[in-house]
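Single-letter residue listing:
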Amino acid sequence: MEITTRNNTEYKSKANDYVHEVFQLVKDRNQGEKEFLQATREIFDSLRPVFLKHPEYIHNGILERITEPDRVITFRVAWEDDTGKVQVNRGFRVQFNNSLGPYKGGIRFHPTVNSSIMKFLAFEQTFKNALTGQPIGAGKGGSDFNPKGKSEREIMRFTQSFITELSKYIGPDMDVPAGDIGVGKREIGYMFGQYNRLRGGYEAGVFTGKDPNHGGSLGRKEATGYGTVYFVEEMLKTANDSFEGKKVVVSGSGNVAIYAMEKAIELGALVLACSDSNGYIYDPNGIDVETIKQLKEFDSKRIKEYTKVHKNAVYHEGCMDIWSVACDIALPCATQNEMAKDDAIILIQNGVKAIGEGANMPCTEDAILAFQASGVLFAPAKAANAGGVAVSAMEMSQNSMRLSWTVEEVDEKLKQVMKNIYTSCYNAAESYGHPGNLVIGANIAGFLKVADAMVAHGIH
Ligand SMILES: NC(=O)C1=CN([C@@H]2O[C@H](COP(=O)(O)OP(=O)(O)OC[C@H]3O[C@@H](n4cnc5c(N)ncnc54)[C@H](O)[C@@H]3O)[C@@H](O)[C@H]2O)C=CC1
Ligand SMILES: O=C(O)CCC(=O)C(=O)O
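Cut-offs used in this document
- Residues numbered from 1 in each chain as written.
- Chains lettered and ligands numbered in written order.
- Predicted model: local features only at pLDDT ≥ 70, side-chain atom pairs only at ≥ 80, totals over all residues.
- Heavy atoms only, no water.
- Near = heavy atom within 4 Å.
- Polar contact = N/O pair within 3.5 Å; in protein donor to acceptor, adjacent residues only side chain to side chain.
- Areas by Shrake-Rupley, 256 points an atom, 1.4 Å probe, with all protein chains shown as cover.
- Helix = DSSP H or I, 4+ residues; strand = E, 2+ residues; numbered from the N terminus.
- Buried < 20%, exposed > 50% of the residue type's maximum accessible area, 1.4 Å probe, protein only.
- Contact = heavy atoms within 4.5 Å.
- Pairing = 2+ DSSP bridges.
- Axes fitted to C-alpha atoms, helices over the stretch in contact; angles between N-to-C directions.
- Domains from an automatic or database assignment.
- Phe/Tyr/Trp six-rings, centres within 6.5 Å; stacked < 30°, edge-to-face > 60°.

### Re the site of ligand 2
Consideration 1: Of all residues adjacent to ligand 2, which total 14 residues, the nearest are K104, K128, K140, R220 and S392.
Consideration 2: Between ligand 2 and K104 there is a distance of 2.6 Å, counted from an oxygen atom to a side-chain nitrogen or oxygen.
Consideration 3: Contact between ligand 2 and R220: an oxygen atom at 2.9 Å from a side-chain N or O atom of the residue.
Consideration 4: Taken by itself ligand 2 offers 290 Å² of open surface, and the protein chains cover 95% of this.
Consideration 5: For the shell around ligand 2, the secondary structure elements donating two or more residues are strand 3 (103–109), helix 5 (115–131), strand 5 (175–179) and helix 15 (387–401).

### Quick word on the environment of A367
Consideration 1: Within the fold, A367 resides in helix 13 (residues 365–373).
Consideration 2: For A367, a relative accessible area of 0% puts it in the buried group.
Consideration 3: Distance from A367 to G252, taken between C-alpha atoms, is 18 Å for residues 115 residues apart in sequence.
Consideration 4: Leave out the neighbours within four places in its chain, and A367 touches M339, A340, K341 and A344.

### Let's talk about the sheet that holds strand 1 (residues 71–80)
Consideration 1: With mixed pairing, five strands are arranged side by side in an open sheet as 1-2-4-3-5. Each edge of the open sheet carries a strand with a single partner, namely strand 1 and strand 5. For this sheet, the mean inter-axis angle between neighbouring strands, taken without regard to orientation, is 20°.
Consideration 2: Of the pairings in the sheet, the one linking strand 1 to strand 2 (residues 86–97) comprises 10 bridges and is antiparallel in character. Directly across from R71, in strand 2, lies its bridge partner Q95.

### Thoughts on the site of ligand 1
Consideration 1: Among the 23 residues in the neighbourhood of ligand 1, the closest are listed as D180, R220, T224, N255 and N360.
Consideration 2: In the environment of ligand 1, an oxygen atom lies 3.5 Å from a nitrogen or oxygen atom belonging to the backbone of S277.
Consideration 3: Across the complex, the protein chains shield 86% of the 830 Å² of accessible surface that ligand 1 would expose by itself.
Consideration 4: No fewer than three residues from each of domain 2 (71–202) and domain 3 (221–379) sit in the shell around ligand 1.

### What about the packing of aromatic side chains?
Consideration 1: Under the criterion given, the structure shown has 24 aromatic pairs.
Consideration 2: Pairing F123 with F127 gives two aromatic rings, centres 5.0 Å apart and planes at 75°, and the pair type is edge-to-face. With F123 and F127 both in helix 5 and four residues apart, this pair spans about one turn of that helix.

Here it is in structure tokens:
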């Protein structure tokens, strides 16, 4: 499409046609990939004002290129279970975009993992990692392996087999994986050990989320949850508000949820409920995070066990009903599409003031619209949960320098990164005509950074 002049009616209509045509192309090429199309649709909707100002992105085919991964690697993962039976899973790594640095993003082990989920996560990571301002590109990987009910040795054998194949495609300057659902420092330890064994060396910077006792960064475990709360705190400040005295509900009880609860409590909130995939607990006295840590990080138990220790707490079967608990601030920190429009309406009716997405894409599109239409402050995932990957990038820096920062140093840097992300989202929303809309602001601010690098690097 030949487009030469901006700011005229003909150009505006051509730019709108361009966005529409490219989205049609993406839909045709990725049929049936519902999560990936959901993530791309939001970006296309947000970017219209950008193309009205920047014909150079159209000339350089940025939208066509930024929505197509650099490569998608799929592979067989064969491993032997404890009974001697051979099991086969499918492994993935989506290397989406490396314009800003080595591919960077987590590994997820969960039975729902498929190509659509891997691609949506890697696509989101492209914008999120750009927002951090650090030199990291974007990727995501995982497998449909279900760690639930597996022995320690089965997890080790599976993980070693997974990384034996993936090791061909990763490296400290190539692609640096980390954890995500079902992958924590134990699994990262097995991957790191097997990778080094295959290479016959010690490449500290090939994974992040390692144990701080051997190569990891202090503060990485806490970073995503803390970062989400820091971002929401910034958002509340603009409304002259804070976490102090607020009732908070957090979904999930994994890595992100635990540290989001911990920081919210530290800032004076009362966390009333949290969940796992079976149900949720409500504690009128406020959730005791130390008990959740013990249950989830050490004993691998279901959340209903919490009520054995805290007699005032009540367990409810069914995780989705957690959004019926009245609160001022809701932090969905479990998984994608866990909060739908009906949940949003209940939260709004119960007087919710702010939402902070700790998980990736936890709110459906119509849930987000409902919040925005009702004036609820909304912190989108790719900005709000960027603290995890930001501290991963700090881990890469520490590994390169062969030194370790203190937990205080890391936390200070994390706070600054989250403040900067908030400011860029806020400013981008304002300068592109959508003041206060942090969804649009995050998409635009992340996009501009990647798009400029792609223009500079030429067409490929
Ligand atoms: N770990 C990290 O640093 C980052 C994680 N994320 C995202 O945060 C979310 C959670 O990840 P992690 O905490 O790392 O995983 P995790 O494996 O530590 O915890 C996941 C938790 O969610 C629960 N869960 C799963 N489905 C659920 C459902 N439908 N309702 C309620 N609970 C459910 C599980 O029981 C588990 O407690 C994911 O969307 C992930 O992609 C985003 C940025 C960084
Ligand atoms: O720390 C990382 O590299 C990955 C974090 C991640 O997977 C995410 O931000 O969703």
